[in-house]
Amino acid sequence: MADLGGPAAVSNKAPDRKASRFPLRLDQMGSGRPAASRDNLLLRPQAPLQAAERDRKAIMAPQGLGLDSVHVRMRMVDRLKADGLQNPRVLAAFARVPRHLFVDTALVNQAYEDTSLPIGLGQTISKPSVVGAMIALLCARPGLGADATRPLGMCLEIGTGCGYQAALLADLARQVISIERLRDLHLKARHNLDAVRRQLPGSPDVRLVYGDGMLGHAPSAPYDTIIAAAGGRSLPQAWLDQLAPGGRLVAPMDDGRGLGQVLTVVDRHLDGRLQQTSSGAVLFVPLKSGIT
Ligand code: SAH
């Protein structure tokens, strides 16, 4: 921020006999005078004011969001980075999408903490660090071609919830199809994404579908990336069928050995072969069939 002077404007230096003569000649004022640069600044109060206005415009950014939300969002991004999230595109998506627009008013002050939050109907918006880790895994898919600006390609999300993750994915995908089985949440996500579109230039290209995500979404298949925000006992066959060669699926799944949910990664190699690996333990809401 620009230094606006403040109490330091009152000089406590010994009086300068030469400078105290009155009246001063014109060439003794301003830059003609061999005074410290701070004194020069004091003679030109418009300079710090202009700098402050420049700072304000830079911080307000084109979204037109409030000063505070931009600051706290950037702090969240810094924390994610410090905790090991390295992909610059994923970090940029977190910096861009206003998470506070996706949570209830009463929870807005927690919107930029690394915590999951209730979004109604017993569901939760996932922790930013977990969402970031999952999206970064998708971005590292083996079949990623030259179009690194849209590393997620054609993306399917199962479990729209409030729509926050869908908005992040949209920043990195050619198109996102997001499915939700609870009608009220599907409508809520629609409302939230409309609010984001009003604030962010370049609206997120998300197609919201009300339906059972366990069936995937055949009309737009195959998908380069598939991400599930709810965990089941086993991977639905439809997801595997709809995964493109070179594509990657990331989903929380029961590890089958009583250890609970683990993050499961499935790659479809270019020859069609599927390869499954799993990373750390996670805790997601259950994947359920049917719609409500
Ligand atoms: N990504 C979401 C997190 C939502 S929580 C967000 O950013 O808010 C998981 C969501 O998955 C819940 O809304 C739940 O209703 C939904 N879900 C569970 N099973 C599903 C299924 N079979 N099809 C579609 N959505 C499902």
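Quick note: structure is the one above.
Residues numbered from 1 in each chain as written. Predicted model: local features only at pLDDT ≥ 70, side-chain atom pairs only at ≥ 80, totals over all residues. Heavy atoms only, no water.

## Some thoughts on the packing of aromatic side chains
Put simply, the rule is: Each aromatic pair joins two rings of Phe, Tyr and Trp (for Trp, the six-membered one) with centres within 6.5 Å, and gets the label stacked for planes under 30 degrees apart, edge-to-face for over 60, and tilted for any other angle. Secondary structure elements are defined from DSSP: runs of H or I of at least 4 residues count as helices, runs of E of at least 2 residues count as strands, and each element is numbered from the N terminus. Burial classification: accessible surface area is computed with a 1.4 Å probe over protein chains only, and a residue below 20% of its type maximum counts as buried, one above 50% as exposed, and the rest as partly exposed. As a reminder, the over-ring test applies to NZ of lysine and CZ of arginine, requiring each to be within 6 Å of the ring centre and within 35 degrees of the ring normal.
By the definition in use, this model includes one aromatic pair. Taking 5.6 Å as the distance between ring centres and 65° as the angle between the ring planes, the aromatic pair formed by F102 and Y164 counts as edge-to-face. One end of the pair, F102, is in the loop between α5 (88–96) and β1 (117–120); the other, Y164, is in helix α7 (residues 164–170), with 62 residues separating them in the sequence. Y164 shares its class with F102; the two are buried. If you follow R99 out to its NZ or CZ, it ends over the ring of Y164, 5.5 Å from the centre.

## A few points about the site of the ligand
Formally: Here a residue is near a molecule or strand as soon as one of its heavy atoms is found within 4 Å of it. In protein, a polar contact requires one atom able to donate a hydrogen and another able to accept it; more generally it is a pair of N or O atoms within 3.5 Å, and residues adjacent in sequence count only if both atoms are side-chain atoms. Only the protein chains shown count as cover for residues, and the accessible areas themselves come from Shrake-Rupley with a 1.4 Å probe. Throughout, the ten residues Ala, Val, Leu, Ile, Met, Phe, Trp, Tyr, Cys and Pro are labelled nonpolar, Asp, Glu, Lys and Arg are labelled charged, and all others, Gly among them, are labelled polar.
Around the ligand lies a shell of 28 residues, among which C162, E180, D212, G213 and K288 are the nearest. The contact in question runs from an oxygen atom of the ligand to an N or O atom on the backbone of C162, over 3.1 Å. Measuring from an oxygen atom of the ligand, one finds a side-chain N or O atom of E180 at 2.6 Å. Isolated, the ligand exposes 580 Å² of accessible area, and the fraction of that covered by the protein chains is 99%. Counting residues per element, the ones that place at least two in the shell around the ligand are β2 (123–125), β3 (153–158), α7 and β4 (173–180). Examining the composition of the shell around the ligand, we find that three residues originate from one element, β2, more than from any other. Its residues assigned to classes, the shell around the ligand shows 14 nonpolar, nine polar and five charged.

## Here we look at the nonpolar core
Our working definition: In this description, a nonpolar core means a group of buried Ala, Val, Leu, Ile, Met, Phe, Trp, Tyr and Cys residues linked to one another through side-chain atoms lying within 4.5 Å. Note on definitions: a residue-residue contact is assigned when non-hydrogen atoms from the two residues lie within 4.5 Å.
Core analysis: the biggest nonpolar cluster contains 48 residues, and F94, F102, I135, L152 and Y164 have the highest contact counts within it. Looking at this core, the element that brings in the most residues is α7, giving six residues. Setting aside chain neighbours within four positions, we find F102 in contact with V97, I119, I125, C162, G163, Y164, A167, N192, L193 and V196.

## Here we look at the pattern of salt bridges
Going by this rule: Salt bridge, as used here, is a side-chain nitrogen of Lys or Arg placed within 4 Å of a carboxyl oxygen of Asp or Glu.
For the coordinates displayed, the defined rule picks out seven salt bridges. D104 is the partner of K188 in a salt bridge, and the nearest nitrogen-oxygen pair spans 3.5 Å. Of this pair, K188 sits in helix α8 (residues 183–199) while D104 sits in the loop between α5 and β1, and the two are 84 residues apart along the sequence. In this structure D104 comes out as partly exposed when scored by relative accessible area, which is 36%. Note that D194 is salt-bridged to R197, the shortest N-O span being 3.0 Å. You can see D194 and its partner R197 sitting in helix α8, three residues apart, about one turn around the helix. Taking the relative accessible area as the measure of exposure, D194 reaches 34% and is therefore partly exposed.

## Focus: α5
The condition is simple: In this description, the arc belongs to the directions extending from the helix axis to the C-beta atoms.
When we look at burial in α5, the residues that qualify are V90, L91, A93 and F94. Buried positions in α5, seen along its axis, are confined to an arc of 155° and lie on one side of it. A side-chain oxygen of the first residue of α5 lies 2.9 Å from the backbone nitrogen of R89; this N-cap is N87.

## Looking at the sheet that holds strand β9 (residues 274–281)
So the rule is basically this: Any two strands with at least two DSSP-identified bridges between them are counted as paired. For every element, the axis is a line fit to its C-alpha atoms; helices are fit only across the contacting stretch, and the angle between N-to-C directions ranges from 0 to 180 degrees.
Taken together, seven strands build an open sheet; the order of strands is β5-β4-β3-β6-β7-β8-β9 and the sheet is mixed. Across the chains shown, the open sheet's two edge strands, defined by having one partner strand only, are β5 (206–210) and β9. On average, each strand axis in the sheet is tilted by 15° relative to the strand beside it, whichever way the strands run. With five bridges joining them, β4 and β5 adopt parallel strand pairing. When the bridges of β5 are listed, S178 appears paired with L208.

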